[in-house]
Amino acid sequence: MKVTFCGHSSFIATEKDKVKILEILEKEIGEAEADILLGGYGSFDEFAYLCCKEYKNSHPKVSLVFVTPYLSEEYQKNHLSYQNMRYDSIIYPPIEDKLPRFAILYRNRYMVENSDIVIAYVFNTYGGAYTTYKYAKAKKKRIFNLANI
């Protein structure tokens, strides 16, 4: 099982949303092995990470995976050493041929393509989270949009 997240960077966390995420993870993963692919940008990504870290504390077969959009030496020096302490692993999708300004878009597509379910918090009809959400719908992924639950 593989799970990913997408949501607006302007997201404001609530306890209700945390409960929803933990319930979805419990129902969909339970005690099975799972990789949770996370992006690490914006308030929703940080909230998703904290929820997944809490879930992992009682579900040791879960692995938290940071999917980095960049592989430059500067990015590694400034960001990946920090992320390495937080995540079980870091992967770089095969997007090296893409322009750096589109790296997050292609990284998000990779995360959707390589996940069984997408947990979202999307309420705007613009921005990167919405683009990722539409992509997940086009790929016929199972989506749980917390904004609608």
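These lines cover the structure that appears in this document, whether it is placed above or below. (Residues numbered from 1 in each chain as written. Predicted model: local features only at pLDDT ≥ 70, side-chain atom pairs only at ≥ 80, totals over all residues. Heavy atoms only, no water.)

A closer look at the pattern of salt bridges
Right, so step 1: In the structure shown here, the tally under the stated rule is six salt bridges.
Right, so step 2: Between Glu-46 and Arg-86 there is a salt bridge, and its shortest N-O distance comes to 2.9 Å. Highlighted residues: Glu-46 in helix H2 (residues 42-57) and Arg-86 in helix H3 (residues 73-86), separated in sequence by 40 residues.
Right, so step 3: On the accessibility criterion, Arg-86 (16% relative accessible area) is buried. (Salt bridge = Lys/Arg side-chain N within 4 Å of Asp/Glu carboxyl O. Helix = DSSP H or I, 4+ residues; strand = E, 2+ residues; numbered from the N terminus. Buried < 20%, exposed > 50% of the residue type's maximum accessible area, 1.4 Å probe, protein only.)

Overview of the side chain of Thr-4
Right, so step 1: Tracing the chain through its elements places Thr-4 in strand E1 (residues 2-7).
Right, so step 2: On the basis of relative accessibility, which here comes to 2%, the residue Thr-4 falls in the buried class.
Right, so step 3: Beyond its immediate sequence surroundings of up to four residues, Thr-4 is in contact with Leu-37, Met-111, Val-112, Ser-115, Ile-117, Val-118 and Ile-119. (Contact = heavy atoms within 4.5 Å.)

A look at empty space enclosed by the protein
Right, so step 1: Overall, the coordinates contain one cavity of 30 Å³ or more when judged by the stated rule.
Right, so step 2: If you trace the largest cavity, you find it lined by Leu-105, Asn-108, Arg-109, Thr-131, Thr-132 and Tyr-135.
Right, so step 3: Every element with two or more residues in the lining of the largest cavity is listed here: helix H4 (103-113) and helix H5 (128-138).
Right, so step 4: Considered class by class, the residues forming the lining of the largest cavity number two nonpolar, three polar and one charged. (1 Å grid on protein atoms, 1.4 Å probe; cavity = no way out; pocket = protein on both sides within 12 Å on 5 of 7 lines; lining within 4 Å. Points joined across faces, edges and corners; volume = space filled by probe spheres on them. Nonpolar A, V, L, I, M, F, W, Y, C, P; charged D, E, K, R; others polar.)

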